[in-house]
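Notes for the structure review
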Amino acid sequence: TYSHDGKTVVDSGEFGKTLTIKPNTTFTKVGYHYTEWTDGETEYACGSEYTISNKDVTLEPVWVANTYTVKYTGGVSNLGVGAEGTAPEAQTATYDEAFTLRANTFTLAGYTFAGWKLEEVYGNASNNGAVEVTNLAESGEVTLVAQWTANTNTAYTVKHYVETIDGSAYEV
């Protein structure tokens, strides 16, 4: 019997005969991939031979957590101005294992870093985005985007220019 999460697939044969271990085409586990089967003592690769004993045997899938890549980008202000600087180094993360996001390395004039965003915002200005997270993806790659909050204490200088009558220049 092949079994996982309350589901079973039955395979049978005669005592003393051999049976070819089947591939896993039925069972899934989010964030993991199947590698082989186990009876709790021995692991069996798909396609290997198993000698049928005089007792029922249940084989469970052996699961290995997927890895995924986390990349970072600087994002833009609400005015469409892009952040400056070099992106933090990409990270490889493993599903179901906590890891700490890289600290922000970007700057954006007139703005304060507010965290990294995927579907929600992780981190804030006080921890520079270096917070512990898990399961940002089941596999593959994700890109976190820097989020920015406009500073309220930014000094601005406003100059009014007037075009000369002949249209050839501007004067303050």
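In this report, the structure presented in the accompanying data block is examined. Computed from a predicted model, the values in this text were never measured in an experiment.

**Description of the overall build of the chain**
Secondary structure summary: the chain contains zero helices and 16 strands in total. Here the C-alpha atoms of the chain give a radius of gyration of 29 Å, more than 25% beyond the 16 Å that 2.2 N^0.38 yields for 172 residues. Its C-alpha atoms give the chain principal-axis dimensions of about 105 × 35 × 25 Å. Look at the contacts in the chain between residues 6 or more apart in sequence, and 62% of them connect residues 24 or more apart. If you sum the accessible surface of the chain, you get close to 11,100 Å²; carbon and sulfur atoms cover 47% of it. Both charge centroids of the chain, one from 9 positive and one from 22 negative side chains, sit 3 Å from each other.

**Here we look at unusual backbone geometry**
Even without a glycine there, the phi angle at Asp96 is positive, about 70°. You will see that Asn128, though not glycine, has its phi angle at about 55°, which is positive. Following the sequence through the fold, Asn128 ends up in the loop between strand 12 (121-122) and strand 13 (132-133). Residue Asn128 is classed as partly exposed on the basis of its relative accessible area of 27%.

Procedures and definitions
- Residues numbered from 1 in each chain as written.
- Predicted model: local features only at pLDDT ≥ 70, side-chain atom pairs only at ≥ 80, totals over all residues.
- Heavy atoms only, no water.
- Helix = DSSP H or I, 4+ residues; strand = E, 2+ residues; numbered from the N terminus.
- Rg over C-alpha atoms; globule rule 2.2 N^0.38 Å.
- Contact = heavy atoms within 4.5 Å.
- Areas by Shrake-Rupley, 256 points an atom, 1.4 Å probe, with all protein chains shown as cover.
- Lys, Arg positive; Asp, Glu negative; His and termini not counted.
- Charge placed at Lys NZ, Arg CZ, Asp CG, Glu CD.
- Buried < 20%, exposed > 50% of the residue type's maximum accessible area, 1.4 Å probe, protein only.

Honestly, it's all geometry; don't read function into it.
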